[in-house]
Amino acid sequence: MARLRFQCLFDGRKWRQDVVVEVDPGGMVRSVQEAGSKETEPALGGTVLPALPNLHSHAFQRRMAGRAERRGPQGKDSFWTWRKRMYREAERLTPAQLEEDAFELYRVLRDRGFGSVAEFHYVHHQSDGTPYEDPLQMLSPLIRAANRVGIRLCLLPVLYQRAGFDAPRPLARQRRFVHELDAYLKLLDLAANHLKGSRHRLGIAFHSLRAVTLEAMQEVLSFRRTWDPKAPVHVHVAEQPQEVADCLAAHGRRPVDQLLEALPVDESWCLVHGTHTTPEELAGIAECGAVVGLCPSTEANLGDGIFDLPALLDRDGRFGIGTDAHVGVCPFEELRWLEYGQRLRTGRRVIVDRPTDHVGTNCWLHASEGGAQALGLPIGRIAPDFAADWLLIDSPVLNEAPPAERLDLLVFRGGVPAPEVWLGGRPRPPAETA
């Protein structure tokens, strides 16, 4: 049992000073208690925070970051023109390239302050759509990359069936993504066996309502009840106005409304983006306890729009953050984007204004809790039976500030010092390569 003493620690609920954390050999916290007068262990300086969960990642898209910022021939670029570029990248992707891209990405995410990541992965087959002999050929590289880096993984193999509500067949450029239902269920079983005994988590993902039929979703959820009834369920929803219009035309309902009406959405679900939702839909999300997955830098980069966060918070709804296409890879930056986008949208300051008086603390707390819930992992707190994954940040500016102000400084001051990242109760060297 390792014993570590810290001068200043945010445990995921409150700030604490001069505490001793005990970590077992499996990398889990066993106790957190105030240091007694007889404590001889020297205290480590700086500020300790739980590492943040990243609830939405497409690792293969990191290669595109900064390379899609060029005006197209039509001169009216949008999410849909960006998607064509993404399809070209997906066509060229190999298993070896995926592992190296994921390794480099996960290492950067870890070193910036993310201790875990939900990988929403839909490139499954060979470039012509032919399945690999090994169905895990494009999932195993992600697991190996996470193991090399030490980051915890919530692996989300994605079901993808069609091009759109009124297009039952996929586009030629989507053929690497598509599974028949039986093959997808087999993939889940194989992945579960592969991950058995690891620190990682397996969940299920539906690409979107436009790409998966409600009937298929219902069949997968029936399988989930016998396979792993608590498995996380993630889905893209209401990211673009066109998606909302197409769903209304197909079902007579908006996407979030359709999901809540047709499927048993609950606390195990993560609805990614939800940008174009109504207050009534947000009330429904909050009532069922699902998490909204917000990806501020990617949503800004793609011109998606700005989510109505005040309406969700007013209903005690839950959210977490992800880096999605990875144009941004820093949790502090994502939270700053989140709050500033809301300020621009509303013309007010301090939007994430609860449960404390400090917006930086509130943002981190919400993102920790929502992210942990979405990944289905014991993360996001420094408390008994949680993973000993934390950040230690030593900076004169922070050290001189009252604890309650430190997350405000980290989120809004800019120039965040590189954290020392501990995973499983041990520091991870930033230059790690194996």
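Refer to the structure above for everything that follows.
What comes next concerns the included structure. (Residues numbered from 1 in each chain as written. Predicted model: local features only at pLDDT ≥ 70, side-chain atom pairs only at ≥ 80, totals over all residues. Heavy atoms only, no water.)

## What to know about the packing of aromatic side chains
Here's step 1: Summed over the entire model, instances satisfying the criterion amount to 15 aromatic pairs.
Here's step 2: Seen from their ring centres, Phe6 and Trp390 are 5.5 Å apart, and the 80° between their planes marks the pair as edge-to-face. In this pair, Phe6 is assigned in strand S1 (residues 2–10) and Trp390 in strand S14 (residues 390–393), connecting sequence segments 384 residues apart.
Here's step 3: Taken together, the ring pairs connect Phe60, Tyr87, Tyr122, Tyr160 and Phe177 into an aromatic cluster.
Here's step 4: Over the face of the ring belonging to Phe412 we find Arg343, whose NZ or CZ atom lies 5.4 Å from the ring centre. (Phe/Tyr/Trp six-rings, centres within 6.5 Å; stacked < 30°, edge-to-face > 60°. Helix = DSSP H or I, 4+ residues; strand = E, 2+ residues; numbered from the N terminus. Lys NZ or Arg CZ within 6 Å of the ring centre and 35° of its normal.)

## Some details on the nonpolar core
Here's step 1: With 128 residues, the main nonpolar core has Tyr106, Phe206 and Trp269 as its most contacted residues.
Here's step 2: The element best represented in this core is helix H12 (residues 359–375), accounting for eight residues.
Here's step 3: Those residues in contact with Trp269 that sit more than four places away from it in its chain are Phe206, Leu221, Val233, Val235, Leu259, Leu263, Pro264, Ala290 and Val291.
Here's step 4: Grouped together as the second largest cluster of nonpolar side chains are 14 residues, Leu4, Val21, Val29 and Leu392 included. (Core = buried A, V, L, I, M, F, W, Y, C linked by side-chain atoms within 4.5 Å. Buried < 20%, exposed > 50% of the residue type's maximum accessible area, 1.4 Å probe, protein only. Contact = heavy atoms within 4.5 Å.)

## Side note on the sheet that holds S14
Here's step 1: With mixed pairing, seven strands are arranged side by side in an open sheet as S3-S2-S1-S4-S14-S15-S16. Only two strands of the sheet have a single neighbouring strand rather than two, namely strand S3 (29–34) and strand S16 (426–427).
Here's step 2: Bridge analysis of strand S2 (residues 15–23) against S3 gives five bridges, and the strand direction is antiparallel. Of the residues in S3, the one forming a bridge with Val23 is Val29. (Pairing = 2+ DSSP bridges.)

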